[in-house]
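The primary structure of each chain is shown beneath.
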Amino acid sequence: MKAKEQILLAHGSGGKLTHELIENLFLRKFFNPILAPLADAALLEAKGVRLAFTTDSYVVKPLFFPGGDIGRLAVFGTVNDLSVVGAQPLFLSCSLIIEQGLDYATLERIVDSIQKAAQEAGVNVVTGDTKVVERGNVDRLYVNTSGVGLVADGVYLSVERIEVGDKIVLSGTIGDHGIAVLSEREGFGFHSEIASDCAPLNGLISRMLQASRRIKFMRDPTRGGLATTLNEIVAGADFGILIEEERIPVREEVKSICELLGLDPFYIANEGKVVAVVHPEDAEAVCQVMWGHELGHQAAVIGEVVAEPRGKVFLRTAIGGTRLVDMLVGDQLPRIC
Amino acid sequence: MKYIDEFRDREIGQRLVQRICREADGAREVVLMEVCGTHTMSIFRYGIRGLLPQNIRLLSGPGCPVCVTPGAYIDKAIAYACLPGVLVTTFGDMLRVPGSRSSLERETAEHNSVRVVYSTMDALEMAACHPELKVVFVGVGFETTAPTIAASILEAKKRGIENYFVLCAHKLIPPVMRALVDSQDLAIDGFICPGHVSTIIGSDAYQFIARDYGIPCVVAGFEPVDVLEAIYLLVSQVRRGVALVENQYRWVVRQGGNPKALALLEEVFEVADSEWRGIGVVPGSGLRIREKYRDFDAEAQIEVEVEPAQEPKGCICGEILKGVKAPLECGLFRSLCTPTTPVGPCMVSSEGTCAAFYKYGGG
């Protein structure tokens, strides 16, 4: 980007522009080998102990939505970023930027939610910060959480372990969170029962890692959706990914709303799902342990790692054709016709 | 989902592919044009091109309302967004389309005076809630969309809302189809006709193509089974040497269309010549707000200065819209022109041919 250009909303959508901004500005300026993999959490090693460290800011609107709220999201989002790099989440920080005029009852409700979520996830909020800014300078409340976790011996998840033939395992239905928030925000008045899938994945992932030492890599598909996450995995790699449209679980209500609005579930945010790349001989066993966990009832093998085309994600469509699945460009936009 | 899952059924789709292959076996090359941008997207989204035999070629036509809107119109919308006291409301597709120097998306970052709406009625409500602002709705779209804009103008008049305006660039499909076959730039053997435009204008609207030009037409739905069935029907007509209008989208489209919607159009709009980006002026192919409703016509009511439009150098959107060239033949495709740095509208629109090629893998 040139100096006189401006930051657009699309730079925050988790898609192509976000990736360009991260690579061309942040990675370039901050460059170091720990940051370089741009993983969900940074892996740190000191005196033989391996830690994972991550941070995330939450600006979701509205603050409360079916299935969750900004507080719950802020805890589980950071817990999940630690979990997918193989860490057991332990400690969180919690920083709040509060708009002048926010009612105390709302703040208390969110703080209660943060505490409850931390208990569910088995983590503690050990430090934090509070700022209040003038009315209009923030949209009610923004939250940042950073998290630290411990990576056990023998757990090593990396894109570099991925091989052709590995299976792609998805823990459940896609698009629930984004559609739940969108429905609430836009006041569509749908009589839908879609709740956000906002949930802590550490319990599920712990079982998966116990079931197999040949889980190569994991990621939670948040902003930008499943399609963006799979593209991140193949970026610059010497393999590609082929997924089967018919095997990807999507709730009927999510499908219907997407059809109505012209949205694609592949690009819609999730907050309680994990994608894992697993050795083909272990994929079935991993799915079986997932089915026994409340967050993995609809786990499925949705595709596999292929030799060609490299660096790309392809989809075998419902009627048997094939086509490219690209990364999200900007936000999905409602269409004319 | 009812009426959708059945039309994405793999077995039915594969059987249609086999029938198409049998019908096309031994025939010369058959060139079919899908007029509507949503058909282009569906064809790419389901990987249909890859399933067809080599001697069936699909061309994408100009049925993308965003792509065919001239750059000068977008420049005007942007100019409105820069005026104090004006709020520009738009369907999402228009947000990233490049004008001569900027886009509505970039202007949002600068002025915060652009809002995306799902329905034109949302724009009308914004006008009702903000009498201190002039709310301008970017009125782009074909016959599918224009009736709702007409309804919004009638509603505004009924409720006495005086700060709601439409920047009207609605266009009509049958005249541009006539212009395509008259131009003789390409030999088209059959048209896959738009599904939703046809719910308004009816399948009879295409009779002149079959009758005067001897070209078969099939009105098609948007699911892959719909498109495959339409291709089968067209190839079958070509093999038999007939030219008829067939309606594959029978449960949605009627011969005479939707009389209520047509009446709305007739009440609020009149037919006028219209400029199509890359094609030029096509006689009788656009809609203009009638004198009676001129109070709601943004161009008539809100003065703004716009610098002369500049067409981007090297952009061949025009030829792509006519089906004469494919995106892979454009020197800018994937290099200078990408979804994040679009040069022309075909790369940005959710129905743009270049966007489909880029997103789903062209060829």
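Residues numbered from 1 in each chain as written. Chains lettered and ligands numbered in written order. Predicted model: local features only at pLDDT ≥ 70, side-chain atom pairs only at ≥ 80, totals over all residues. Heavy atoms only, no water.

### Details of the nonpolar core
The tendency in soluble globular proteins is for nonpolar side chains to be buried as a group.
Move 1: Counting residues in hydrophobic clusters, the biggest one holds 101 residues, and the most contacted among them are Leu104, Ile153, Tyr164, Phe191, Tyr206 and Phe269 of chain B.
Move 2: Each residue touching Phe191 of chain B, except ones within four places of it in the same chain, is listed here: Met33, Val35, Met177, Val181, Ile209, Ile215, Pro216, Cys217, Val218 and Leu234 of chain B.
Move 3: Counting residues in each nonpolar core, the second largest holds 37 residues, with Ile174, Ala180, Cys258 and Val275 of chain A among its members. (Core = buried A, V, L, I, M, F, W, Y, C linked by side-chain atoms within 4.5 Å. Buried < 20%, exposed > 50% of the residue type's maximum accessible area, 1.4 Å probe, protein only. Contact = heavy atoms within 4.5 Å.)

### Let's talk about the environment of Lys273 of chain A
Residues and elements named next belong to chain A.
Move 1: Tracing the backbone through its elements, the reader meets Lys273 in the loop between helix H7 (252–261) and strand E11 (275–278).
Move 2: Residue Lys273 is classed as buried on the basis of its relative accessible area of 7%.
Move 3: For the pair Lys273 and Lys216, spaced 57 residues apart in the sequence, the C-alpha separation amounts to 17 Å.
Move 4: Non-local contacts of Lys273, meaning those with residues more than four positions away in its chain, are made with Ser171, Gly172, Thr173, Asp176, Asp197, Leu201, Arg219, Asp220 and Pro221.
Move 5: A polar side-chain atom of Lys273 sits 3.2 Å from the main-chain carbonyl oxygen of Thr173.
Move 6: There is a polar contact of 2.9 Å between the side chain of Lys273 and the side chain of Asp197. (Helix = DSSP H or I, 4+ residues; strand = E, 2+ residues; numbered from the N terminus. Polar contact = N/O pair within 3.5 Å; in protein donor to acceptor, adjacent residues only side chain to side chain.)

### Observations concerning the pattern of salt bridges
Move 1: Taken as a whole and assessed by the stated rule, the structure comprises 38 salt bridges over all chains.
Move 2: Here Arg10 of chain B makes a salt bridge to Glu246 of chain A, at a shortest N to O gap of 3.8 Å. In this pair, Arg10 of chain B is assigned in helix H1 (residues 10–24) and Glu246 of chain A in the loop between strand E10 (240–244) and H7, connecting two distinct chains.
Move 3: Since its relative accessible area comes to 26%, Arg10 of chain B is described here as partly exposed.
Move 4: For Arg290 of chain B, the salt bridge goes to Glu270 of chain B, with nearest N and O atoms at 3.8 Å. Note that Arg290 of chain B is positioned in the loop between strand E11 (280–289) and helix H12 (298–301) and Glu270 of chain B in strand E10 (residues 269–276), a separation of 20 residues in sequence. (Salt bridge = Lys/Arg side-chain N within 4 Å of Asp/Glu carboxyl O.)

### Concerning the side chain of Thr89 of chain B
Residue and element names in this part refer to chain B.
Move 1: With respect to the helices, strands and loops of the structure, Thr89 is situated in strand E3 (residues 86–90).
Move 2: Judged by its relative accessible area of 0%, Thr89 is buried.
Move 3: Non-local contacts of Thr89, meaning those with residues more than four positions away in its chain, are made with Arg115, Val117, Ala123, Met126, Val135, Val136, Phe137 and Val138.

### Observations concerning H7 of chain A
Residues and elements named next belong to chain A.
Move 1: For H7, the full list of buried residues reads Val254, Ile257, Cys258 and Leu261. What you see down the axis of H7 is that its buried residues fit within an arc of 100°, all on one side.
Move 2: On its buried face, H7 is in contact with helix H4 (176–186). (Arc of directions from axis to C-beta.)

### So, the sheet that holds strand E13 (residues 313–316) of chain A
Residue and element names in this part refer to chain A.
Move 1: One open sheet holds the seven strands; their spatial order is E9-E11-E8-E12-E10-E13-E14, and the pairing between them is mixed. Where the open sheet ends on each side, the last strands, each with one partner, are strand E9 (215–219) and strand E14 (322–324). Neighbour to neighbour, the strand axes of the sheet diverge by 25° on average, direction disregarded.
Move 2: Alignment of E9 against E11, held across four bridges, turns out to be antiparallel. Note that in E11 the partner of Phe217 across the bridge is Val277.
Move 3: Together, strand E8 (167–170), E9, E11 and strand E12 (300–306) form the strand contacts of helix H8 (residues 283–291), whose direction differs from that of E8 by roughly 5°. (Pairing = 2+ DSSP bridges. Axes fitted to C-alpha atoms, helices over the stretch in contact; angles between N-to-C directions.)

### Re the environment of Asp40 of chain A
Residue and element names in this part refer to chain A.
Move 1: With respect to the helices and strands, the residue Asp40 is situated in the loop between helix H1 (16–30) and strand E1 (42–46).
Move 2: Residues Asp40 and Glu294, spaced 254 residues apart in sequence, show a C-alpha to C-alpha distance of 23 Å.
Move 3: Beyond its immediate chain neighbours, meaning those up to four positions away, Asp40 contacts Thr54, Asp81, Val84, Val85, Met218, Arg219 and Asp220.

### Re the sheet that holds strand E6 (residues 124–133) of chain A
Residues and elements named next belong to chain A.
Move 1: Read from one edge to the other, the open sheet built from five strands follows the order E1-E2-E7-E5-E6, with strand pairing classed as mixed. The open sheet is flanked by E1 and E6, the only strands paired with a single partner. Taking each pair of neighbouring strands and ignoring which way they run, the sheet shows an average axis angle of 20°.
Move 2: By the bridge criterion, five bridges tie E1 to strand E2 (residues 49–58) in an arrangement that is antiparallel. Paired with Leu43 across the bridge in E2 is Ala52.
Move 3: Helix-sheet contacts for helix H2 (residues 70–83) involve E2, strand E5 (87–99) and strand E7 (141–151), and the interaxial angle to E2 is about 150°.

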